[in-house]
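Residues per chain, in single letters:
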Amino acid sequence: MELGAALAQMAGLVLSHETVDTALELVTSLAATTTAGTLGAAVTVVDEHGKRSRAASDRLVEQADALQYELDEGPCLTAWRTRELVRIDDTTTDARWPRWNDAAGQLGVRSVLSAPLLVTGESIGAMKVYSERPQHYGPHDEHVMRLLAAQAGILLANAQSLREARRLSRQLTGALVTRDAVGQATGVLLARGATGPQEAFGRLADAARRSGRSVADVAGALLAEVTSRNGGASAPD
């Protein structure tokens, strides 16, 4: 697929978990086929869950990436940390990451090109290609990698935003349910003789403290008790 057309196709995707994974696979596939001699490509994501690879084109890429995470050094992690494109012309002579270069060389990796994934100035990972040929990547490849990394960064950032929105929605829904349950339980206690909402809530709080449960759990148990006694009827407001 022609590079411009592929980028346009990815930009128009309706976001979902499946489409993000598919688009990342397309990005890494494009990176892997941009130049002859590329062994494979992948995206490194760094977030609260740690460091991991996504859309790796083959097993060798996964192994080379795993070595970076294990040793905590290498071109991809450096690209992520410095927010700068990193190029290795030959792992057998490059001295910046001696342990990783040696291990990667044994896998057959000689050249590496890695571009950071930048979103509004924040680095969320890196994209990389590995080659079995020394001095394989040049200025044109760097330009292509920056374009592909920019698209991958947008896809991942949008996916993270969607997950955060869904998480906040679940929290809000839970908070509303809890508020309603506590409100109804307070009404039950008022009907049982509490002098006011403050005293009623105090009774719930005291019961929660004594039982080691949350106020919401105590309120829910009270409402379940009332519902059971009423033969399934709703608890009073």
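Thresholds, definitions, all that
- Residues numbered from 1 in each chain as written.
- Predicted model: local features only at pLDDT ≥ 70, side-chain atom pairs only at ≥ 80, totals over all residues.
- Heavy atoms only, no water.
- Helix = DSSP H or I, 4+ residues; strand = E, 2+ residues; numbered from the N terminus.
- Buried < 20%, exposed > 50% of the residue type's maximum accessible area, 1.4 Å probe, protein only.
- Contact = heavy atoms within 4.5 Å.
- Areas by Shrake-Rupley, 256 points an atom, 1.4 Å probe, with all protein chains shown as cover.
- Expected span 1.5 Å × (residues − 1).
- Arc of directions from axis to C-beta.
- Axes fitted to C-alpha atoms, helices over the stretch in contact; angles between N-to-C directions.
- Parallel < 35°, antiparallel > 145°, perpendicular 65-115°, else oblique.
- Salt bridge = Lys/Arg side-chain N within 4 Å of Asp/Glu carboxyl O.
- Pairing = 2+ DSSP bridges.

Draft legend 1. Molecular detail of the overall build of the protein. Scanning the protein from N- to C-terminus turns up eight helices and five strands. Mapped in sequence order, the helices and strands of the protein form the string α-α-β-β-α-α-β-α-β-β-α-α-α. The 237 residues of the protein split such that 43% are buried. When contacts within the protein are restricted to residue pairs at least 6 apart in sequence, long-range pairs at least 24 apart make up 57% of them. Summed over all atoms, the accessible surface of the protein reaches about 12300 Å², with 53% contributed by carbon and sulfur.

Draft legend 2. Representation of helix H8 (residues 215-229). Under the 1.5 Å per step criterion, the end-to-end length of H8 is 21 Å for 15 residues, consistent within 8% with the ideal 21 Å. Listed in full, the buried residues belonging to H8 are Val218, Ala219, Leu222, Leu223 and Val226. Buried residues of H8 fall within an arc of 135° about the axis and therefore sit on the same side.

Draft legend 3. The arrangement of the packing of helix H3 (residues 59-71) against helix H4 (residues 75-82) in detail. As a packed pair, H3 and H4 sit with axes 8 Å apart at the nearest point and diverge in direction by 60°. Relative to H4, the element H3 is oriented oblique. Of H4, the residues touching H3 (which contributes Asp65, Gln68 and Tyr69) are Pro75, Cys76 and Leu77.

Draft legend 4. Expanded view of the pattern of salt bridges. In the structure shown here, the tally under the stated rule is 14 salt bridges. Residue Arg96 is joined to Asp94 by a salt bridge in which the shortest nitrogen-to-oxygen separation is 2.6 Å. With a relative accessible area of 46%, Arg96 lands in the partly exposed category. Look at Asp94 and you get buried, because its relative accessible area is 17%. For Arg229, the salt bridge goes to Glu225, with nearest N and O atoms at 3.0 Å. Taken together, the residues Arg229 and Glu225, both in helix H8 and four residues apart, mark about one turn of the helix. Members of the salt-bridge network, linked through shared partners, are Lys51, Asp72 and Arg81.

Draft legend 5. Molecular detail of unusual backbone geometry. Look at Thr120: it is not a glycine, yet its phi comes out positive at around 45°. One can find Thr120 in the loop between strand E4 (111-119) and strand E5 (122-131). Accessibility expressed as a relative area gives 82% for Thr120, which makes it exposed. Even without a glycine there, the phi angle at Gln135 is positive, about 50°.

Draft legend 6. Spotlight on the pairing of E4. Within E4, eight of the nine residues are buried, leaving the element largely enclosed by the surrounding structure. Sheet topology note: the strand E3 (residues 86-88)/E4 ladder contains three bridges and is antiparallel. Looking at E4, one finds that Ile88 is bridged to Val112. The sheet contact formed by E4 and E5 spans nine bridges and is antiparallel. From the neighbouring strand, Ala115 faces E5, where its bridge partner is Met127.

Draft legend 7. Looking closely at the environment of Arg81. Tracing the chain through its elements places Arg81 in helix H4. Apart from the residues within four sequence positions on either side, Arg81 is in contact with Lys51 and Asp72.

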